[in-house]
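Listed below are the residues making up each chain.
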Number of protein chains: 2
Amino acid sequence: MIPYDSISQPTLLLDEARCRANITRMVRKAQASGVRFRPHFKTHQSAEIGEWFRPFGVQAITVSSVSMAQYFAQHGWRDITIAFPVNWRQIDVIRELASQVRLGLLVDSVETAETLVEHLRAPADAWIELDVGQHRSGIPQEDVAAVQRVARALSRAPGLTMRGALAHAGHLYHASSPQAVREGFTRIVNQLQEVRGQLRGQGWDDFEISWGDTPTCSLVDDLSGVDEIRPGNFVFFDLEQLQLGACREEDIAAAVACPVVSKPDGSRVITYGGAIHLSKEALDSGGEVSYGAIALPQDGGWSPSLPGAHMVSLSQEHGVGWMHPSDLDRVPLGDLLVVLPVHSCLVVDLLPGYTTLDGKSIATMGKR
Amino acid sequence: MIPYDSISQPTLLLDEARCRANITRMVRKAQASGVRFRPHFKTHQSAEIGEWFRPFGVQAITVSSVSMAQYFAQHGWRDITIAFPVNWRQIDVIRELASQVRLGLLVDSVETAETLVEHLRAPADAWIELDVGQHRSGIPQEDVAAVQRVARALSRAPGLTMRGALAHAGHLYHASSPQAVREGFTRIVNQLQEVRGQLRGQGWDDFEISWGDTPTCSLVDDLSGVDEIRPGNFVFFDLEQLQLGACREEDIAAAVACPVVSKPDGSRVITYGGAIHLSKEALDSGGEVSYGAIALPQDGGWSPSLPGAHMVSLSQEHGVGWMHPSDLDRVPLGDLLVVLPVHSCLVVDLLPGYTTLDGKSIATMGKR
């Protein structure tokens with residue numbers, strides 16, 4: 001039974017059945033496409049949820065920090081890519097990790113390649129990060145000469161295996177339609193395959209393409225143009241993915257139960273549940289800023305989100321929500337709202353672990 | 001000595017001298033105005049920093065949650081106002097706290113007053129929360145009849161002392177100028193005094209006015225129109241306060257050291273330091289969104305912020321900054337940037353404790 005009665009503070013709810021269904025769906029798609037599934041564990045940050053992937057034969061994972069790699073290495077994962085540029089200041093920990101697990105590292109400059117050549121003692125995998133349009137880290141994908149320079153620098157390290165190119169099409173989070181996401185995938189992957197073609201002629205014959213992001217992995221049916229996929233958010237999805245068309249609302253598997261502490265007028269509701277619980281990640285919801293959609297607790301989970309109801313502003317601990325007066329009438333002071341998050345990864349990072357709908361606690365790695 | 005060499009991950013830096021100077025300045029202003037100083041501890045969330053107030057005779061504090069009240073009660077504070085509407089779901093903990101300390105509670109409805117009447121066993125202080133324009137929780141200040149209804153309901157609890165009205169002028173964070181903040185204070189306080197006048201005639205003779213928010217407490221010279229002040233952010237300030245004119249940049253006492261992990265072109269810098277370290281709180285900086293200003297480490301602290309340099313986007317662990325090419329040239333990969341936060345309260349909540357400029361660690365209450 002869902003333990004709503006015992007909830008007194010903002011609490012991260014996990015619908016385990018939905019989460020497991022999301023995992024199953026992505027496993028099947030990777031299998032059907034014939035690509036390696038290296039799920040990104042930065043979304044759930046939980047050893048226990050990680051175990052839900054093992055029955056499917058998943059052995060390789062992605063993380064976003066060195067400390068997250070340490071955490072999952074401690075929990076038995078032996079093939080871990082840190083999908084974040086090598087942080088020189090953590091080179092000692094990286095070296096130690098490389099001696100414990102098969103470690104994948106991201107490189108986007110000759111200088112970082114040389115740092116690895118100098119400091120790494122154990123074998124490791126290197127991925128050249130390409131910028132395919134997000135303009136975060138990475139070598140611009142059209143700059144094949146720079147890719148070659150980094151590949152050559154990496155080849156000077158006896159223990160490093162240059163695996164290929166790693167891309168994260170984060171800019172497709174802002175695509176205008178599912179079709180635009182699909183077209184973006186096709187266009188970028190064609191370009192990446194061209195880069196691969198040019199490198200193959202020069203001795204890098206096993207050059208792979210590693211592909212990230214939940215929108216494309218959810219919306220594109222055939223992912224066989226790449227060698228591995230690294231989606232993360234799909235385990236829970238959220239309003240951002242819903243708005244993109246990458247999921248249905250009934251796939252959203254994580255939400256935050258928030259006590260109602262004030263009803264200052266007929267349509268405003270004040271929750272215990274603010275920026276330190278929901279994060280300040282916002283989206284445009286029909287011309288209005290939204291920090292979350294609002295649903296109600298119900299047997300076995302939570303209701304569909306209430307039409308138009310959303311969190312309109314957040315301060316540190318307070319949330320201010322707008323609800324249709326007839327909906328707000330049904331919510332007495334002291335009741336709970338269930339807020340569907342804009343960005344589930346950030347909410348998970350903010351809250352101390354999950355409560356499942358049958359009342360089980362599931363820990364995350366926490367702050368370290 | 002500032003321990004920059006030992007920093008490998010995003011790290012919350014605290015300039016203790018600036019923080020103590022900020023505290024001293026606010027203490028002096030409260031003394032000069034003849035108002036009670038009840039600092040809000042939600043910004044620093046630290047027992048150790050709390051101790052820095054005691055030499056000034058500060059005995060009363062403000063917190064934003066029941067768990068924060070518990071934490072500071074454990075650390076010897078005996079007069080604590082929870083400046084957040086009573087959360088019925090925590091009434092048992094509230095009752096226990098009320099038996100341990102002089103507890104101030106916020107009430108903005110007859111229903112909540114009746115809940116206290118029914119469940120509270122130990123004496124406590126009640127403050128009627130008034131909405132003075134932020135439109136968060138609180139009774140609209142012009143609705144004196146509603147204030148009277150709540151006051152009457154509270155008077156039915158033998159142990160409850162109705163202390164007065166509590167206001168937080170959070171909307172003045174968006175004021176257009178320091179003068180607009182000052183005028184807002186004068187206008188609102190005049191209205192609050194009118195409310196007080198009407199209640200005094202009806203038997204509530206000791207009706208006090210408790211006033212929050214750092215902008216007014218920083219910008220208004222004479223605060224004697226109210227009875228107590230509850231600023232919090234002033235201990236560290238941040239870019240939001242700087243933009244408002246409530247502080248100088250050299251008053252900002254908290255910042256985040258972030259390793260530089262990629263320099264993909266001549267003006268972009270990628271930091272280990274993203275949304276889970278800096279929060280997604282943003283401000284408009286000359287027409288551009290900013291998630292933080294960028295300074296450089298230097299002997300004894302950090303440099304003034306670099307002209308134009310700011311964090312332009314954040315993902316979970318990555319920050320993307322823009323710097324003038326001549327500044328970026330001075331920052332090799334592996335160096336640190338110092339990011340001045342948009343909203344220091346949220347950054348403190350995200351990071352596990354402080355590192356002072358002389359290398360001391362200071363704990364916060366952490367997630368609970």
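In this text, all values refer to a predicted model and were calculated from it rather than measured experimentally.

Undergrad: Mind laying out the confidence of the model for chain A, listing which residues take part and the relevant values?
TA: Model confidence for chain A is summarised by a mean pLDDT of 96, while 99% of its residues fall at 70 or above. At the level of chain-chain contacts, confidence expressed as ipTM amounts to 0.97, with global pTM at 0.97.

Undergrad: Residues and numbers for the relation of the copies chain A and chain B, please.
TA: Superposition record for chain A on chain B: RMSD 0.0 Å, screw rotation 180 degrees, translation along axis 0.0 Å. Expressed as a symmetry operation, the mapping of one chain copy onto the other fits a two-fold axis. Measuring from the rotation axis to each C-alpha of chain A, the shortest distance belongs to Lys280(A), at 2.6 Å. When the interface residues of chain A are mapped onto chain B, 100% of them again lie at the interface, so the same face is used by both copies.

Undergrad: Break down helix H5 (residues 110-119) of chain A for me, citing the residues and quoting the values.
TA: Within an α-helix, residues lying three or four positions from one another point in the same direction, as the helix has 3.6 residues per turn. Residue and element names in this part refer to chain A. Every buried residue of H5 is listed here: Thr112, Ala113, Thr115 and Leu116. For H5, the angular spread of the buried residues around the axis is 155 degrees, confining them to a single face. Packed against the buried residues of H5 are helix H4 (91-98), strand E5 (102-107), helix H6 (144-155) and strand E8 (160-167).

Undergrad: Tell me what's going on with the environment of Arg38(A), and back it up with residues and numbers.
TA: Residue and element names in this part refer to chain A. Structurally, arginine 38 is set in the loop between strand E2 (36-37) and helix H2 (47-51). Along the chain, arginine 38 and valine 63 lie 25 residues apart, while their C-alpha atoms are 9.7 Å from each other. When sequence neighbours within four positions are dropped, the list of residues in contact with arginine 38 reads Ala60, Ile61, Thr62, Asp79, Ile80, Thr81, Arg163, Glu228, Ile229 and Arg230. One polar contact links arginine 38 to aspartate 79, side chain to side chain, over a distance of 3.0 Å. Here the side chain of arginine 38 touches threonine 81 through a polar contact of 3.2 Å, side chain to side chain.

Undergrad: Got a sec to walk through the packing of aromatic side chains? Specific residues and values, please.
TA: Note on aromatic pairs: each is described by the distance of the centres and the angle between the planes. Residues and elements named next belong to chain A. A full pass over the atoms with the stated rule returns 20 aromatic pairs over all chains. Between phenylalanine 53 and phenylalanine 234, the ring centres sit 6.5 Å apart and the planes meet at 90 degrees, which makes this aromatic pair edge-to-face. Of this pair, phenylalanine 53 sits in the loop between H2 and strand E3 (60-63) while phenylalanine 234 sits in the loop between strand E10 (228-230) and helix H9 (239-244); the two residues are 181 residues apart in sequence, bridging distant segments of the chain. Across the pair, exposure class does not vary: phenylalanine 53 and phenylalanine 234 are buried alike.

Undergrad: Could you give an account of helix H3 (residues 66-74) of chain A, naming the residues involved and the relevant values?
TA: Across the nine residues of H3(A), seven count as buried, placing the element largely inside the fold. For H3(A), the complete set of buried residues consists of Val66(A), Ser67(A), Met68(A), Ala69(A), Tyr71(A), Phe72(A) and Ala73(A). As for H3(A), its buried residues are in contact with H2, E3, strand E4 (79-85) and H4 of chain A together with strand E12 (268-272) of chain B. Within two residues after H3(A), Gly76(A) carries a phi angle of roughly 90 degrees, on the positive side.

Undergrad: Report on the interface of chain A and chain B, specifying residues and quantitative values.
TA: The partner chain B presents 56 residues to the 56 residues of chain A that form the contact. Between chain A and chain B, roughly 4600 Å² of surface is buried when both sides are summed, and carbon and sulfur atoms account for 55% of that area. Area buried by chain A at its contact with chain B is led by Arg89(A), Arg136(A) and Gln316(A), which between them contribute 17% of it. For the pair chain A and chain B, the interface holds two salt bridges. Its salt-bridge partner being Glu281(B), residue Lys280(A) comes within 3.1 Å of it at the nearest N-O pair.

Undergrad: Give a detailed account of the pattern of salt bridges, specifying residues and quantitative values.
TA: Summed over the entire model, instances satisfying the criterion amount to 40 salt bridges over all chains. One salt bridge connects Arg248(A) with Asp251(A), and the closest N-O pair in it is separated by 2.6 Å. Of the residues examined, Arg248(A) reaches a relative accessible area of 46% and is grouped as partly exposed. Ionic pairing is found between Asp251(B) and Arg25(B), a salt bridge with its closest N-O pair at 3.5 Å. Here Asp251(B), found in the loop between helix H9 (239-244) and strand E11 (254-262), pairs with Arg25(B), found in helix H1 (residues 16-33); they are 226 residues apart in sequence, far enough to count as distant. Three or more residues are tied together by salt bridges with common partners; here these are Arg36(A), Arg38(A), Asp79(A), Arg102(A), Asp125(A), Arg163(A), Glu208(A) and Glu228(A).

Thresholds applied
- Residues numbered from 1 in each chain as written.
- Chains lettered and ligands numbered in written order.
- Predicted model: local features only at pLDDT ≥ 70, side-chain atom pairs only at ≥ 80, totals over all residues.
- Heavy atoms only, no water.
- pLDDT = per-residue confidence, 0-100.
- Least-squares fit on C-alpha atoms with pLDDT ≥ 70 in both.
- Contact = heavy atoms within 4.5 Å.
- Buried < 20%, exposed > 50% of the residue type's maximum accessible area, 1.4 Å probe, protein only.
- Helix = DSSP H or I, 4+ residues; strand = E, 2+ residues; numbered from the N terminus.
- Arc of directions from axis to C-beta.
- Polar contact = N/O pair within 3.5 Å; in protein donor to acceptor, adjacent residues only side chain to side chain.
- Phe/Tyr/Trp six-rings, centres within 6.5 Å; stacked < 30°, edge-to-face > 60°.
- Buried area = accessible area lost by both parts, 1.4 Å probe.
- Salt bridge = Lys/Arg side-chain N within 4 Å of Asp/Glu carboxyl O.

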